[in-house]
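Observations on the model geometry
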Amino acid sequence: MTTSISSPAWNGAVAFEDDVVKFDIANGRFGERMTLDEAERRILRGSDNMKIVKIEVFGYCMAQIFDFTIFKYYLSKPDSHLVIIKFDNGEWWSFHFIYVSTPIGSTSELPESMLAIVKHGFDTTNETNSTGIFASPVLELFKNFQIWSWLVKSDESKSNVKQLFKWLRSKSLPNNQFTDFTKEIFNKLARIKTWERLQGVVRSPWKQKGGSEWSGTIRYIHPGGREDLEDHQIMDLKDMVDSDGKNSIVKVKVYKIPLSERYWTNLILFHSYVVFQTQNREGEDWWWSLEKNTQCIALQRGPTEPSVRDWLGGEKRCQSWFYWKPQLVDEGTCAGISLADLIEFLHDNDELNITYHGITENCQCHAQVIFRWLTNKELNYGRFASAVTGINRWWTGISNPRPRTE
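Below is a short write-up of the structure. Please read these numbers as outputs of a predicted model, since none were measured by experiment.

Let us look at the overall build of the protein. Looking only at helices and strands, the protein has 10 helices and 18 strands in total. Burial analysis of the protein (406 residues in total) assigns 51% to the buried set. Summed over all atoms, the accessible surface of the protein reaches about 19,300 Å², with 48% contributed by carbon and sulfur.

Turning to a negative patch on the surface, a few remarks are in order. Taken together, the side chains of Asp244, Glu282, Glu284 and Asp285 make up a negatively charged region of the molecular surface. Considering the arrangement of structural elements, one finds glutamate 282 in the loop between strand S13 (270–279) and strand S14 (285–292).

All right, on to the packing of helix H1 (residues 36–44) against helix H4 (residues 161–169) then. Axis separation between H1 and H4 bottoms out at 10 Å; the angle between their running directions is 170 degrees. In terms of their interaxial angle, H1 and H4 are classed as roughly antiparallel. Counting all contacts with H1, which are made through Leu36, Asp37, Ala39, Glu40, Ile43 and Leu44, the residues of H4 involved are Val161, Lys162, Phe165, Leu168 and Arg169. Residues belonging to the contact of H1 with H4 are distributed by class as follows: 7 nonpolar, no polar and 4 charged.

Below, the discussion takes up the side chain of serine 272. Within the fold, serine 272 resides in strand S13. Setting aside its immediate chain neighbours within four residues, serine 272 contacts Val254, Tyr255, Lys256, Glu291, Cys363, Gln364, Ala367 and Tyr381.

This brings us to the packing of aromatic side chains. Scanning the entire structure with this criterion turns up 7 aromatic pairs. Judged by centre distance (6.2 Å) and plane angle (25 degrees), the rings of tyrosine 255 and tyrosine 273 are stacked. In this pair, tyrosine 255 sits in strand S12 (residues 248–258) while tyrosine 273 sits in strand S13, placing the two residues 18 residues apart along the sequence. Through a chain of ring-to-ring contacts, the aromatic side chains of Tyr220, Phe276 and Trp288 assemble into a single cluster. Lying over the aromatic face of tyrosine 273, arginine 317 brings its terminal NZ or CZ to 3.8 Å of the ring centre.

Along H1, the positions that sit buried rather than exposed are Leu36, Ala39, Glu40, Ile43 and Leu44. Angular distribution of buried residues about the axis of H1 spans 125 degrees; they occupy a single face of the element. The positive-phi residue at the C-terminal boundary of H1 is arginine 45, with phi of around 50 degrees.

About the cut-offs
- Counting starts from 1 at the beginning of each chain's written sequence and moves along it residue by residue.
- Local features in this predicted model are restricted to residues whose pLDDT is 70 or higher, and side-chain atom pairs enter the listing and the counts only when it is 80 or higher, whereas totals over whole chains, interfaces and linings include all residues.
- Excluding hydrogens and water, the side-chain values take into account all heavy atoms of the structure.
- Counting from the N terminus, the helices are DSSP H or I runs at least four residues long and the strands are E runs at least two residues long.
- Buried, partly exposed and exposed residues are distinguished by accessible area as a fraction of the type maximum, computed with a 1.4 Å probe on protein chains only: under 20%, between the cut-offs, and over 50%, respectively.
- In short, Shrake-Rupley with a 1.4 Å probe defines the accessible areas, and a residue's cover is counted only from the protein chains shown.
- Patch criteria: residues need more than 30% relative accessible area and no salt bridge. Like-charged residues are merged within 9 Å; nonpolar side chains of Val, Leu, Ile, Met, Phe, Trp and Tyr are merged within 5 Å.
- Should a side-chain nitrogen of Lys or Arg be within 4 Å of a carboxyl oxygen of Asp or Glu, the pair is scored as a salt bridge.
- When charges are counted, neither His nor the chain ends are considered; positive counts come from Lys and Arg and negative counts from Asp and Glu.
- One atom stands in for each charge, and that atom is NZ of Lys, CZ of Arg, CG of Asp or CD of Glu.
- Think of each axis as a best-fit line through the C-alpha atoms, taken over the contacting stretch in the case of a helix, with angles from 0 to 180 degrees between the N-to-C directions.
- To sort the angles, those under 35 degrees are grouped as roughly parallel, those over 145 as roughly antiparallel, those from 65 to 115 as roughly perpendicular, and the leftovers as oblique.
- Any two residues whose heavy atoms approach within 4.5 Å are treated as being in contact.
- Following the grouping adopted for this structure description, the nonpolar residues are Ala, Val, Leu, Ile, Met, Phe, Trp, Tyr, Cys and Pro, the charged ones are Asp, Glu, Lys and Arg, and the polar ones are all others, Gly among them.
- Between the rings of Phe, Tyr and Trp (Trp by its six-membered ring), a pair exists once the centres lie within 6.5 Å; its type follows the angle of the planes, with under 30 degrees stacked, over 60 edge-to-face, and the other angles tilted.
- Two limits define a charge over a ring: the Lys NZ or Arg CZ must be within 6 Å of the ring centre, and within 35 degrees of the ring normal.
- Directions pointing from the helix axis toward each C-beta atom define the arc.

What follows is the structure in structure tokens.
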């Protein structure tokens, strides 16, 4: 038996076990083979409205880790993930794909991918600690294995069990798509967070500091003035800038400037922001900048790229004329996404309610999320800056992207 990394397609089979102590992968004890319908009936036990109140995702790897470089690699690319869900009756259940070389309860000689649904017990307290109610649910499943595991992220949920199984029955998972399944199930059940800021994250036991000035608003800066809009007004902003959804985003760039022009390098300490161009069917185009600072998210419109690249709200970004100027970090193209879509993305990701933090939720994190979403391309700030960012995230446990799936 191996993990789901190179498993065949899933055909809907479930390995069901209502006692995690009996579930022993090392010795081939995977529980009872059944269908999703049977598993749903076993969990609900006659209840029609059992709710899901919490979801957690753990990453894990079975490799030997000798140094931080290897550990950092597996943080972003774990062998697999484990989803564990808490129901309103206090029970915790894990959902995890396994690859069974000799299918349980089956006459087939072919290996099979199965969704293991395992009960881990009850939560006897009102709140969980920083790693859930267990040191790690992964260790309970993988008995007798040398394994590293870490909590990727957790969030509250307002879904119910029937909706979960209805969604599971609609899934068709070809080979090697199980990581996508983990992302989808988290996005489906989580209340306000999304997967994109979560991958490769370790939760920290220390409290984060910062963001005391955060206003939770988006500032729209345009040639005629500016408006500050709160979270519930963000759809009004969509009507202001792209009411018919015809302003397509075509070019996307990320620039950086030093946090202070007294520095002689911007290798580590820098402010980054996204610049993009929109075009409509009439051939009219505008340039925009989008960025996060300690107070708000700023969206700026201008007639040319330099008007938003070099300026913000009437002030020049870099005052010195002989040394500093905005430096291009990366660029890409965008297809099929309008400015209206981007505004909705900010709303669905709950960006205005993600408080600014100097390390974990700063301008660089925000630019990475926006650039990835618009271009389907990872933003790389450079080897040294990325290494420092990785260390900071490892020590402080960043909260990384989040949909409203209520």
